[in-house]
Amino acid sequence: MTVDDTGSGAGAERRVDPSPLEASAEPGDLPAAEPGEDPLALRLEQLILGAERRYTPFQAARSAGVSMELASRFWRAMGFADIGQAKALTEADVLALRRLAGLVEAGLLSEAMAVQVARSTGQTTARLAEWQIDSFLEGLTEPPEPGMTRTEVTYPIVELLLPELEEFLVYVWRRQLAASAGRVVQAADDEEMVDRRLAVAFADLVGFTRLTRRMEEEELGELVEAFETTAADLVAARGGRLIKTLGDEVLYAADDAGTAADIALLLVETMSNDETMPELRVGMAFGTVTTRMGDVFGTTVNLASRLTSIAPRDAVLVDSAFAEELIRTGDAPASEAQAAEAAAAAEKEGEEPPTYRFALQPMWQRPVRGLGVVEPWLLTRRQPGAED
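Notes on the structure in this doc start here. Keep in mind that this is a model prediction, so the values were computed, not measured.

Thoughts on the overall build of the chain
And step 1. Regarding its fold elements, the chain presents 14 helices and 12 strands.
And step 2. A burial count over the chain gives 35% of its 388 residues as buried.
And step 3. Counting only contacts in the chain whose residues sit at least 6 apart along the sequence, the fraction spanning at least 24 positions is 62%.
And step 4. Summing over all exposed atoms, the chain offers an accessible surface of approximately 22,700 Å²; the carbon and sulfur share of this is 53%.

Written out as structure tokens, the structure is:
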């Protein structure tokens, strides 16, 4: 059973909807559908949105007290197609418009920033919704008995899961917001909040295009999902941030070079130990990065991408700035000779020799499209006692 509040106050009408199966038995009780639209799909929409279709876009904009132009900008930014003047919007759509416009009127957000909020939220949740339907609900809604339609099964499942998934979504969002706010507060200055020095890395599956020609679609989908899941887990566990996944490639960032290096080598080691996975190559760079809507941009990101394309199989290449940062923080020696000298000096003084987590090997300088000549360094784990 679903409950729909169509208003507020003492005179508000509170209506209890019949179950979907009862409704399907009495087609006349279903909401009015557009020509060619499945009435049961409409009822499922009403369940998820929690309200009936009541407004055309013009009516919704007028009720929210915003211009039609601004309402259209918000609507498109959220990722929804133009619907003409069909009566397809609900009280929730009006409230969303009113809230965004209210933030602008109060001076808390500029109009451009409000549109960005709508766009970033729409893009993120669109992907989440697609995944939940394709990978999650699809497996749960197989009709248990012949003659039952998928919609008849889907409705009660969604009715049960919706409040739980909604609460979990809000929980994860608050956790992520707290973590992101913490990083901003710790930034050295206002400029660093947007243009920050980060380690950026691309990890790319080798020969993926050839695989797409040899593997069945389902097998390919399983491989990509396994890769993305493994990468996401390793990046999160070691303190990095997964920026985005691109099928055969992931982009992640970390606040320090040592963390990014550890993640990259762990990714290569993990994938190489899995016979079902293709080889992996990683390119990394360190420097100023512009962050926008959860993504990263700039020369540092472009350089990391180019290094990935020239990296050997099952190997990690870094740029000179990344190498210098590892040397500065004591995570890697400038050279094996320098490491041996430091170990000898420590032994002479009766002290513990310095320990390095990584080793760097300079590679041949080479031109990189759009970035000039770069000097890549091969990054590896340093074996204990390597300076002996």
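Some thoughts on helix α5 (residues 91–105)
And step 1. Between its first and last C-alpha atoms α5 spans 21 Å; for 15 residues at 1.5 Å apiece the expected length is 21 Å, and the two agree.
And step 2. Taken residue by residue, α5 has Val94, Leu97, Leu100 and Ala101 as its buried positions. The buried residues of α5 occupy an angular sector of 135° when the element is viewed end-on, so they sit on one face.

Brief notes about the environment of Ser305
And step 1. Within the secondary structure, Ser305 sits in helix α12 (residues 299–310).
And step 2. Given a relative accessible area of 25%, Ser305 falls into the partly exposed group.
And step 3. In sequence terms Ser305 and Asp204 are 101 residues apart; their C-alpha atoms lie 9.5 Å from each other.

Regarding unusual backbone geometry
And step 1. You will see that Asp314, though not glycine, has its phi angle at about 50°, which is positive.
And step 2. Assignment of secondary structure puts Asp314 in the loop between α12 and β8 (315–318).
And step 3. Judged by its relative accessible area of 31%, Asp314 is partly exposed.

Quick word on the packing of helix α4 (residues 68–77) against α5
And step 1. Put simply, α4 and α5 touch, their axes get as near as 11 Å, and they point 105° apart. Here α5 runs roughly perpendicular to α4, going by the angle between their axes. Here Ala71, Phe74 and Trp75 of α4 come into contact with α5, specifically with Asp93, Leu97, Leu100 and Ala101.

Overview of the pairing of β8
And step 1. By the alternation rule, side chains of β8 split into Ala315 and Leu317 and Val316 and Val318, which are all buried.
And step 2. Across four bridges, the pairing between strand β6 (residues 280–292) and β8 is parallel. Bridge assignment links Met284 to a residue of β8, and that residue is Val318.
And step 3. Here three bridges tie β8 to strand β12 (residues 377–381), and the two strands are oriented antiparallel to one another. Within β12, the residue paired with Leu317 across the bridge is Leu378.

Conventions adopted
- Here the residue numbering is sequential within each chain, running from 1 through the sequence in written order.
- Confidence filtering applies because this is a predicted model: local features only for residues at pLDDT of at least 70, side-chain atom pairs given and counted only at 80 or more, and all residues used for totals across whole chains, interfaces and linings.
- Heavy atoms from the whole structure form the basis of all side-chain values; hydrogens and water molecules are not counted.
- Each helix is a run of DSSP H or I of at least 4 residues and each strand a run of E of at least 2, with the numbering of both proceeding from the N terminus.
- The classification of residues rests on relative accessible area computed with a 1.4 Å probe and restricted to protein chains. Under 20% of the type maximum is buried, over 50% is exposed, and intermediate values are partly exposed.
- The contact criterion used throughout is that any non-hydrogen atoms of two residues lie within 4.5 Å.
- We get accessible surface area from the Shrake-Rupley algorithm with a probe of 1.4 Å; when it comes to residues, only the shown protein chains can shield them.
- Every helix has an expected span of 1.5 Å times one less than the residues it contains.
- Arc definition: directions from the helix axis to the C-beta atoms.
- For helices, the axis comes from a line fit to the C-alpha atoms of the stretch in contact; other axes are also lines fit to C-alpha atoms, and the angle between any two N-to-C directions lies between 0 and 180 degrees.
- Throughout this description, any angle smaller than 35 degrees is read as roughly parallel, any larger than 145 degrees as roughly antiparallel, any in the 65 to 115 degree range as roughly perpendicular, and the remainder as oblique.
- Note on pairing: DSSP must find at least two bridges between two strands before they are called paired.

On their own, these measurements won't tell you what the molecule is for.
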